[in-house]
Number of protein chains: 2
Amino acid sequence: MMQWRVALAQINTIVGDLEGNRLKIAAAIHRAQTVQADLVVFPELTITGYPPEDLLLKPTFLQANLTMVRELAGLTQGLTAVIGFADVVDDEVYNAAALLHDGAWVHTYHKHYLPNYAVFDEDRYFRRGTTFPVFQRDGVIFGVNICEDIWHPTGPADAQALQGGARILVNISSSPYHAGKARARERMLATRAADNAALVVFCNMVGGQDELIFDGGSLILDEHGEILARGAQFTEDFVVADVDVGAVFRWRLHDPRRRQVRTEQLPVIPLAPLPESPPRPPLVPHIVELPTPVAEVYQALVLGTGDYVRKNGFQKVVIGLSGGVDSALVACIAADALGPENVTGVAMPSRYTSDMSNDDAAELARNLGINLLVIPIETVFQAYLEVLAAPFAGASPNVTEENLQARIRGNYLMALSNKFGWLVLTTGNKSEMSAGYATLYGDMAGGYAVIKDVLKMLVYELCRWRNAQGEAAVIPERILTRPPSAELRPNQKDSDSLPPYEVLDAILKAYVEEDQAPEDIILTLGLSEDLVRRVVRMVDRNEYKRRQAPPGVRITGRAFGKDRRLPITQRFTR
Amino acid sequence: MMQWRVALAQINTIVGDLEGNRLKIAAAIHRAQTVQADLVVFPELTITGYPPEDLLLKPTFLQANLTMVRELAGLTQGLTAVIGFADVVDDEVYNAAALLHDGAWVHTYHKHYLPNYAVFDEDRYFRRGTTFPVFQRDGVIFGVNICEDIWHPTGPADAQALQGGARILVNISSSPYHAGKARARERMLATRAADNAALVVFCNMVGGQDELIFDGGSLILDEHGEILARGAQFTEDFVVADVDVGAVFRWRLHDPRRRQVRTEQLPVIPLAPLPESPPRPPLVPHIVELPTPVAEVYQALVLGTGDYVRKNGFQKVVIGLSGGVDSALVACIAADALGPENVTGVAMPSRYTSDMSNDDAAELARNLGINLLVIPIETVFQAYLEVLAAPFAGASPNVTEENLQARIRGNYLMALSNKFGWLVLTTGNKSEMSAGYATLYGDMAGGYAVIKDVLKMLVYELCRWRNAQGEAAVIPERILTRPPSAELRPNQKDSDSLPPYEVLDAILKAYVEEDQAPEDIILTLGLSEDLVRRVVRMVDRNEYKRRQAPPGVRITGRAFGKDRRLPITQRFTR
């Protein structure tokens, strides 16, 4: 029985924090040595963090990242480590994996398939690698490839297994999260393992980076595609498992499908043999269950928010609490991400704010244990109206007066931010962001837009899920049952301006997330042409607002941000 | 003598306005027929506008653009037209040129070199073409290629001339402007013409699209690289010239350099012959001079601002007039772009505003003939301070109170915008945007940031240039000579927080526009380490502000926007 002990260092790096990342990597190498691992695997672009974006265009950044690889090589006595970095050869940059072995940097793999769609821009920075090396150590042949490489059924992984004879396919990834991604990814990796009759060792990054979440959930799969180990989602993890490399050979003898398509043989690069490990204590299987779909999204929001705040050097946040469902959810997420003692809610009532809203905001704050400030907007609102009476003479009240209220609140929150160093979290959801039902520099003012990619109906689901955790519901039930209102004029309801959220969300999902044509949406959802065209027009006309919105957690495959790059100036309406 | 009459339809399209663009193209085809042109050439992606960005991911958009090409083909009796569009073959999309000839769509060229750097993302959308066809009509062989294709010394243009025997190289472009680009482009095109001993016919788009300017300046060059015709910069033009195709053959007999490297022959695609033109009246040479460097930037700013306003359906704009140099320049640009009757300046004095500022703002408005409103911020500011006294109890005054003033002004301008439908133009320059010397939701609040890519020293140059036009200076001299101040606290000067602008701009140019390392900047500019590191830190720390800034005209090769894609969350400081 030929057994390897494999460790996955699913770490949370910080983009550009080369020294911090190096220390984290060094600690994980040490831990792998302590558990007598043969192989320790890190995420894609471990050293730089992912995505480093235009930092990759700074020569000093590239040089510093190369220095880190050299420093780490010296720490790898007695094992093999696979670490992501940005390689530089002549004037070309590669998304690369360093093979560090027993104290030396022995080889480098260059990513072949460079994603340049959705949130990815890798063609902007990298040249693609064209060779698919395999390595042999102590009788075990393995290949290393990077993220996108294994998403193609043919390509590096396939070549390494088939032409190279690799029994272990190591894939290092920084795979951006969206809801349901982990299950789709596991299905794909299991298929690659079974198709190639190979062990698959997949280490994924974890952490939030601006709008992106990397969800971890690293995996070790056997040659049938069965899961041997799974790291936790949304948190750092160190996964160790023993894999039976001999079983791969035994199975390949029984499963000769792929011999028929085997063509040329890839050369095998030998690594210096290492002394055989002394007997190792057996391991408890490390298979963390995946959360349910709603829990998964909630955890993603907590991780994304917490990491944005912490990684940008903040400790405390401030949130406008309207007594509505959106700000209630954001307050829960913030309290769970940062601790309630680091969260301040601010109720900012106006003449149009109902007592119910004030009461519900206060009860929520009590339940969560966050601080609550109450700062009415009335006197400032009056001052604005008086000063603007002259320039507005003769004009009727319109959305201007509503926006003013929202902007006073935005100013209050920013003043608290400026005075006390609290980051402002905004509370707009994706339905509002899509329809432009939000005030620029008003409720859109802030550093991070926690739920900007969460449609309103999912906001309710997340609240109900959160209320079901722990002993008692934290969000007052009335917040979840009363009709949504912006409370910017007497008896205002969201439904005055928007269709019911069930309908709105269905249209938005079809139009924004699936690029369906309005005429198809009318047919498939059985809605009136007027309604669908009105919603589509709202989406199209409000691109300018979204462009000035703060970043926020991406939880769908089509968030507003890098996923959806539409011109502001444009006239296509079909 | 084999002579062709060539027309360049340098038009200003609107992204996504397929029907409007079709009408403009049809009118230009008709005009070309009227002047008896043999060939009429349009810009890259004429039908869709450039860049269409993710509209290219909408199937209905692609289909509608194909329909337009078919409709236009029928209009091309008696000539050949080259029109840019997005081609679709199976599931692949190509950046393409349609060859329309005598009423039919006869061929399509697919762009080979797809730019995916700087402001470009073409790999996101397009597959590259791999064939470089040449066409023969009435004894004249010509090739068609697209923008980037001719920026490579080898590639489609070279192959068409050398392997295909093309005597005319037609290049359709949407070449984004930056200061000095026209001269560099002319140098390159002249070299391509001379290298290939071929006529070069270059039609460039003109117009503003969000942050980008396309500057026109279309060209026809002879086989020695001499300019036969040049279209105007920054405005639509219709350029017609007669080219002597026989001269190309005569010169090639004398200049046999490239015969030595000629390899295989490309097949020549024949086009149906057209009846010989009746004698045509001779043409007056159409060679518009290029403006001086400062005039060029001013005109770019006027075009970009005017097009953003008009193409987004606005007619009037509003600008905060502080009495300072930045708002003075923006007011001039707006008045020149839209007419002074469409511009409202708003002076918003506070307790810290000097009489000089109020007087200068008023004089500027008078000189320009724009409307002026005066709306003091004092009572609203007082109202804020009173309400915030309780939550701020015990804290000292800091930047909070300064930001509040800027935000009240932002609210005033947005209220005027909401009430009257005026677009707010912001007035921050690139030095401020770089250093973060601006208030988010305050002076940064607005729809378009006219001079966000203009460093402060260039702001002064542009003002002086504008003052030298016409009969009398429009910007009061005192605005150009007094020390810059934000006037947000008593006796404040920009130089309290920032180094002198000559020094600041030099550091910013090196760091932001040239990606020089701080240690190199210290050496090459002979500045103190403290100062350079402080400026670099300001630039790095304010990425979050720039991310929420409105779009504005790009006039450099490294604007904040698509050119410079840095993470907000990042810790690299070298």
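Computed from a prediction, not measured in an experiment: that's the story for all the values here. (Residues numbered from 1 in each chain as written. Chains lettered and ligands numbered in written order. Predicted model: local features only at pLDDT ≥ 70, side-chain atom pairs only at ≥ 80, totals over all residues.)

1. Focus: the overall build of chain A
Then, number 1: Summing up its helical and strand segments, chain A has 18 helices and 20 strands in all.
Then, number 2: For 574 residues, the compact-globule estimate of 2.2 N^0.38 gives 25 Å, and the C-alpha radius of gyration of chain A, at 27 Å, lies within 12% of that figure.
Then, number 3: By principal-axis analysis of the C-alpha atoms, chain A measures approximately 85 × 50 × 50 Å.
Then, number 4: Burial statistics for chain A: of 574 residues in total, 55% are counted as buried.
Then, number 5: The long-range fraction of contacts in chain A, counting pairs at least 24 apart against all pairs at least 6 apart in sequence, stands at 74%. (Helix = DSSP H or I, 4+ residues; strand = E, 2+ residues; numbered from the N terminus. Rg over C-alpha atoms; globule rule 2.2 N^0.38 Å. Buried ≥ 20, exposed ≤ 12 C-beta atoms within 10 Å, placed from the backbone. Contact = placed C-beta atoms within 7 Å.)

2. Considering the pairing of strand 14 (residues 237-244) of chain A
Every other side chain in a regular strand lies on the same face of the sheet, so the side chains alternate between the two faces.
All names here are of chain A.
Then, number 1: Every second residue of strand 14 is oriented toward a common face, the buried set being Asp237, Val239, Ala241 and Val243 and the non-buried set Phe238, Val240, Asp242 and Asp244.
Then, number 2: Across eight bridges, strand 1 (residues 3-10) lies against strand 14 in antiparallel orientation. Across the sheet, the residue bridging to Trp4 is Val243, located in strand 14. (Pairing = 2+ DSSP bridges.)

3. Comments concerning the sheet that holds strand 12 (residues 219-221) of chain A
Backbone-to-backbone hydrogen bonds join strands into a sheet, with any given pair of strands oriented parallel or antiparallel.
Residue and element names in this part refer to chain A.
Then, number 1: Here we have seven strands laid out as an open sheet, ordered 13-12-9-8-7-6-15, and mixed in their pairing. Two strands in the sheet have a free side with no partner beyond their single neighbour: strand 13 (227-230) and strand 15 (268-270). Sheet twist, expressed as the average angle between the axes of neighbouring strands with direction ignored, equals 20°. (Axes fitted to C-alpha atoms, helices over the stretch in contact; angles between N-to-C directions.)

4. Some details on the relation of the copies chain A and chain B
Then, number 1: The operation relating chain A to chain B is a screw motion whose rotation component is 180°, with 0.0 Å of axial translation and a residual RMSD of 0.0 Å. Overall, the copies show the geometry of a two-fold rotation axis. Among all C-alpha atoms of chain A, that of Gln548(A) lies closest to the rotation axis, at 2.1 Å. (Least-squares fit on C-alpha atoms with pLDDT ≥ 70 in both.)

5. Topic: the pairing of strand 11 (residues 212-215) of chain A
Then, number 1: Alternating positions in strand 11 of chain A separate into two faces, Leu212(A) and Phe214(A) on one and Ile213(A) and Asp215(A) on the other, with burial throughout.
Then, number 2: The turn linking strand 10 (residues 206-209) of chain A back onto strand 11 of chain A is made up of two residues, and Asp210(A) within it adopts a positive phi angle of 55°.

6. Let's talk about the packing of helix 7 (residues 325-338) of chain B against helix 12 (residues 456-468) of chain B
Residue and element names in this part refer to chain B.
Then, number 1: Packing of helix 7 against helix 12 leaves a shortest axis separation of 10 Å and a crossing angle of 50°. Here helix 12 runs oblique to helix 7, going by the angle between their axes. Crossing angle aside, the handedness with which helix 7 passes helix 12 is left-handed. Contacts between helix 7 and helix 12 involve Val325, Asp326, Ala328, Leu329 and Cys332 from the former and Val459, Tyr460, Leu462, Cys463 and Arg466 from the latter. (Parallel < 35°, antiparallel > 145°, perpendicular 65-115°, else oblique. Left-handed = near helix turned anticlockwise from the far one by under 90°.)

7. Considering the domain arrangement of chain A
Residue and element names in this part refer to chain A.
Then, number 1: The domains assigned to chain A are domain 1 (3-270), domain 2 (293-494) and domain 3 (499-541).
Then, number 2: Each of domain 1 and domain 2 has a C-alpha centre, and the two are 41 Å apart.
Then, number 3: Mapped by element, the contributors of at least two residues to the side of domain 1 that touches domain 2 are strand 10 and strand 11.
Then, number 4: Partitioning the side of domain 1 that touches domain 2 into residue classes produces five nonpolar, four polar and one charged. (Domains from an automatic or database assignment. Nonpolar A, V, L, I, M, F, W, Y, C, P; charged D, E, K, R; others polar.)

8. A look at the interface of chain A and chain B
Then, number 1: With 67 residues of chain A at the contact, the number on the chain B side is 67 residues.
Then, number 2: Sorting the residues of the side of chain A that touches chain B by element identifies helix 2 (59-73), helix 6 (293-311), helix 9 (378-389), helix 10 (399-420) and helix 18 (543-547) of chain A as the ones contributing at least two each.
Then, number 3: Among the elements that make up the side of chain A that touches chain B, the one with the highest residue count is helix 10 of chain A (twelve residues).
Then, number 4: Across the side of chain A that touches chain B, the residue classes tally to 35 nonpolar, 16 polar and 16 charged.

9. Focus on the sheet that holds strand 3 (residues 80-89) of chain A
All names here are of chain A.
Then, number 1: Strand order in the open sheet formed by six strands is 5-4-3-2-1-14, and the pairing between neighbours is mixed. Of all strands in the sheet, those with a lone pairing partner are strand 5 (104-110) and strand 14, marking the two edges. Direction aside, neighbouring strands of the sheet carry axes that sit 30° apart on average.
Then, number 2: Against the sheet, helix 2 contacts strand 3, strand 4 (92-101) and strand 5, and its axis sits at roughly 150° relative to strand 3.

10. Quick notes on the packing of helix 6 (residues 293-311) of chain B against helix 7 of chain B
Residue and element names in this part refer to chain B.
Then, number 1: Interaxial distance between helix 6 and helix 7 falls to 9 Å at its minimum, and their mutual angle equals 65°. Read as a crossing pair, helix 6 and helix 7 show a hand that is right-handed. Where helix 6 approaches helix 7, its residues Leu301, Val302, Thr305, Gly306 and Val309 are matched on the opposing element by Ile333, Ala334, Asp336, Ala337 and Leu338.
Then, number 2: When grouped by side-chain class, the residues that make up the contact of helix 6 with helix 7 number seven nonpolar, two polar and one charged.

11. Observations concerning unusual backbone geometry
Then, number 1: With an omega of -10°, the peptide bond between Tyr50(A) and Pro51(A) qualifies as cis.
Then, number 2: As for its placement among the helices and strands, Pro51(A) is situated in the loop between strand 2 (39-41) and helix 2.

12. Let's talk about the environment of Ile227(A)
Then, number 1: Structurally, Ile227(A) can be placed in strand 13.
Then, number 2: As for Ile227(A) and Glu186(A), which are separated by 41 residues in sequence, their C-alpha atoms are 8.8 Å apart.

13. Some thoughts on the environment of Leu388(A)
All names here are of chain A.
Then, number 1: Among the structural elements, Leu388 can be located in helix 9.
Then, number 2: The class for Leu388 is buried, based on 21 C-beta atoms found within 10 Å.
Then, number 3: Residues Leu388 and Gln548 lie 160 residues apart in sequence; the distance between their C-alpha atoms is 26 Å.

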